[in-house]
Amino acid sequence: MKWGVGGAAFIAAGLPMEGISAPLEKGRSVSRTTGRMRKSIPSVCMMCPASCGILGYLEYGKVIRIGGNPLDPNSRGRLCAKGIAGLNHLYNPDRIPYPLKRTGRRGEGHWKQISWEEAFEEITRRLQTMRAEGRHQDFIIRNTWDMASNEFAGRFASAFGSPTTFHHAILESPNGVSAHRNISGHTMGIGDVAHSRYILNFGANPYETHFLYVPFIQRLIDARINLGAKLVTFDVRISQTSGKSDEWFPILPGTDGMVALAMAYVIAHEGLWDKAFIEQWTTTSPLRLLRHLTPFTPKRAEAVSGVKASEIKRIAMEFAASRPSVAIAGGGALKHMNGASNQKSILLLNAIVGNLDSKGGYCFPKTYPLEPPGPNPPGLKSGDSDSQSLFFKVRRGSQRLGVLMTHMDNSVYKGPDSKLISAVLQDEGKIPFHVSIDPFLNESNIFADLVLPEATYLERWDLLSPPPMERVPFVALRQPIIKPLGQSLPFPEILIELAHRIGGGMEKYFRFGRMEHYIEAILHKIPKLVDIGGIDFLMEKGIWIDSNGKPDYRSYERERLKTASGKFEFDASLPVYAPIAHHQKLGEGEFHLTTFQWNVHSYSQTANCKWLTEIVHRNPLLISEETANKMKLNRGDRVRITSSLGSLVTPVFITQGIHPKVVALSDSLGRWNYGRIAQGKPFRSEDPETSLIWWGKHGTGVHPNPIIPIQQDPSGGGQGWMDTVVRMEKV
């Protein structure tokens, strides 16, 4: 390339040439039209459970762009595609603009516009009547995954006198929550992968999805690059994580716990365990543990899982010798009818090398205590993990429901056995009144009596303390980047208003008035934050970290765990391998159906984001090359898969990267009532891009949940998402 004098002068001066954008420091954005810096407002993402810090950039009163907040110690200023696509939620033409009241039969989709006053009056009247009749327990709230709104939903239900709220289980399923609580007193754990030298992965896919997605995968990549950490994955298919692992083992579904126990057996019998940790910090003993592990030999594990005994022994010894090491679990291990036992086995594998709550090991979250303002309602709790059996109990009459309130909860779509849930929601004898609070109409609130337009996370206030990857607790503020569009209101503001209208003592637990005042009252109990400006500081920065905070490991040495003994309770919770009965009867032509998520989708809430659905809008069934050859199937051929509940038809994608007894279908697609974008229908709106939607003509996928039966782990209570057996035939 030939350079002129002018170009050389620009280079010498360090100035950008025309047509070449100069790099900006993180957290800044320039208007393309004016060349001026855009105004940025910090907040917190809610496109997945990770709660990454974000900056919303404004131009002429409109949010133009969403970027990462470089002050966030978890995400370190980075965002995934879902976080960037939050704009698609905010300005989606299919948002509900005002309160809706059903006019036809449930499910017909006939609505009329009503005022907020009418909506509040009807909900208040129904809840007041229930309280007067002493039917407090017949009111249930089903909430979304957000940590802040879970606390507020629990506060409202407790003030009303209801014993139950349900929320999305963050740690893959209630099975993981149950196992953690039984052994450690905590509800979740996080692998401190940034400091690990050996990472055993049972069924997790952090390169595409994790409850701390962007923060977690950054640390995993750091360890692999900076420490040369080895990653070994056991999974039924080659996910993005399996494909990037040093070793991948296609394990038979639901047998992860058996492999983990066999590894613990090897480590104990080879004398590579941390006997001092077991003796001092657990409720079991080395001798008792050795006896318990005796049946779980690598040879037996090979017969059960298909993983060779020699490989199990080798990896176990590498894991024990390469400390600090950590074993982590994901949905592939936990979303089974033996998921709680699998998680306990993996926790035991961590404990046997003494790495629980240790640097580079398996740690428990150290969030900042956010103490709500008093008085607190009696029995205040944040809620229970999502019970998939609720609607089954309602149908058979063992659970009564007078008023069901759902907040961004799409049970029909995200739950198993969709037909059963639809039938219960449609039956006014089973659920007399259903109020949904949501920005959009979906597959579930089509059966609601009232649908209230909720402000998106970009239009509301919340205070959070996400699990810190660096082991130093911090506080994050979600604040409105823009005023709520249309007549939408934030979920907490709706509950505050209802509490004051219902009265009868409820109002005294909501004296703080607005959500901003509630947040200020919490912050007043954090003196260090008050000293530097309190809420004003958070409104400017978005994040506060105690400057004197240090990474906290091995806290059990200084304070008791929240267990009865104050130690890790393995004595009463020593895991065993519990085979899944109907898996043992798999016949010719039958397969395990497993589900998974793409990296650009989150459960039931992202298919109406145009940028994301344009990337992934189809989900062919993944089958093995061996299966395709037996059935004479070619890529793209259509097959019918049939379970005990019904069938669906989908094209196949043939791969060598899946267990030959397994077929896999992603969730999050195949929408039938979540707006026109999710269904791939072009339409005219203020957004010119909606008329360019093209993917509908190629199909928008199928959804596996309607053919997945309700089948729960009797120990953990979690749904056995990966335990459906299907037959497959060419169409």
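Residues numbered from 1 in each chain as written. Predicted model: local features only at pLDDT ≥ 70, side-chain atom pairs only at ≥ 80, totals over all residues. Heavy atoms only, no water.

A few words now on the nonpolar core. Counting residues in hydrophobic clusters, the biggest one holds 68 residues, and the most contacted among them are Leu200, Phe202, Phe234, Met263, Leu293, Leu349 and Ile352. Among the elements that take part in this core, helix H9 (residues 256-269) stands out by supplying 11 residues, more than any other. Apart from the residues lying within four places of it in its own chain, the contact partners of Phe202 are Phe234, Asp256, Val259, Ala260, Met263, Ala327, Ile328, Ala329, Gly330, Ala333, Ile346 and Leu349. In terms of nonpolar packing, the next biggest core, distinct from the first, is built from 47 residues, Ala153, Phe156, Leu477 and Ile526 among them. (Core = buried A, V, L, I, M, F, W, Y, C linked by side-chain atoms within 4.5 Å. Buried < 20%, exposed > 50% of the residue type's maximum accessible area, 1.4 Å probe, protein only. Helix = DSSP H or I, 4+ residues; strand = E, 2+ residues; numbered from the N terminus. Contact = heavy atoms within 4.5 Å.)

Turning our eyes to something else, we now look at helix H11 (residues 286-293). Listed as buried for H11 are Pro286, Leu289, His292 and Leu293. Viewed end-on, H11 has its buried residues packed into an arc of 125°, placing them on one side of the element. Counted as exposed and oriented over 90 degrees from the buried face of H11: Leu287 and Arg291. The elements touched by buried residues of H11 are H9, helix H10 (275-281) and helix H15 (339-352). (Arc of directions from axis to C-beta.)

The relative placement of two aromatic rings is captured by the distance of their centres and the angle of their planes. In total, this model carries 23 aromatic pairs according to the counting rule given. A ring pair is formed by Phe202 and Phe234, whose centres lie 5.1 Å apart and whose planes are at 10°; its orientation type is stacked. Linking Phe202 in strand S9 (residues 198-202) with Phe234 in strand S10 (residues 230-235), this pair joins segments that are 32 residues apart in sequence. Ring centres 6.0 Å apart and planes at 85° place the aromatic pair Tyr362 and Phe364 in the edge-to-face group. In terms of burial, Tyr362 and Phe364 fall into one category: buried. In this structure, Arg237 is placed above the aromatic ring of Phe596, and the distance from its NZ or CZ to the ring centre is 3.8 Å. (Phe/Tyr/Trp six-rings, centres within 6.5 Å; stacked < 30°, edge-to-face > 60°. Lys NZ or Arg CZ within 6 Å of the ring centre and 35° of its normal.)

So, on to unusual backbone geometry. Pro324 follows Arg323 through a cis peptide bond whose omega is 5°. Within the element layout of this structure, Pro324 appears in the loop between helix H13 (309-321) and strand S12 (325-329). The residue after Gly374, namely Pro375, is reached through a cis peptide bond having omega -5°. On the secondary structure map, Pro375 appears in the loop between strand S13 (362-363) and strand S14 (384-385). The residue Asp357 is not glycine, and still its phi comes out positive at about 60°. Positionally, Asp357 belongs in the loop between H15 and S13. Not every positive phi belongs to a glycine, and Arg471 is a case in point at roughly 70°. Classification of Arg471 by relative accessible area gives buried; the value is 4%.

Moving on to the sheet that holds strand S1 (residues 39-44). Judged by pairing direction, the sheet is antiparallel, and its three strands sit side by side in the order S1-S2-S3 without closing on themselves. Both edges of this open sheet fall to S1 and strand S3 (62-68), since each of them pairs with a single strand only. Averaged over all neighbouring strand pairs, the angle between strand axes comes to 30°, with direction disregarded. Pairing analysis gives six bridges linking S1 to strand S2 (residues 53-59), with the strands arranged antiparallel. When the bridges of S2 are listed, Ile41 appears paired with Gly56. (Pairing = 2+ DSSP bridges. Axes fitted to C-alpha atoms, helices over the stretch in contact; angles between N-to-C directions.)

By the secondary structure assignment, Asp438 is in strand S16 (residues 433-438). Discounting chain neighbours no more than four positions away, the residues touching Asp438 are Ile96, Met408, Asp409, Asn445, Leu452, Pro453 and Glu454.

Let us now look at the packing of helix H4 (residues 116-132) against helix H5 (residues 147-160). As a packed pair, H4 and H5 sit with axes 11 Å apart at the nearest point and diverge in direction by 50°. What the angle tells us is that H4 and H5 run oblique. Listed contacts from H5 to Leu127, Met130 and Arg131 of H4 are Phe156, Ala159 and Phe160. When grouped by side-chain class, the residues that make up the contact of H4 with H5 number five nonpolar, no polar and one charged. (Parallel < 35°, antiparallel > 145°, perpendicular 65-115°, else oblique. Nonpolar A, V, L, I, M, F, W, Y, C, P; charged D, E, K, R; others polar.)

Next up on the list: the pairing of S2. Among the seven residues that make up S2, seven are buried, leaving the element largely enclosed by the rest of the structure. On S2, burial covers both faces: Gly53, Leu55, Tyr57 and Glu59 on one face and Ile54, Gly56 and Leu58 on the other are all buried. Where S2 hands over to S3, the hairpin turn is made up of two residues, of which Tyr60 adopts a positive phi near 55°.

The next point concerns the side chain of Asn205. You can see Asn205 is positioned in the loop between S9 and helix H7 (213-227). For Asn205, a relative accessible area of 8% corresponds to the buried category. For Asn205, the side chain forms a polar contact with the side chain of Glu208, separated by 2.8 Å. Not counting residues within four places of it along the chain, the set of residues in contact with Asn205 comprises Arg237, Ser239, Gln240 and Thr241. (Polar contact = N/O pair within 3.5 Å; in protein donor to acceptor, adjacent residues only side chain to side chain.)

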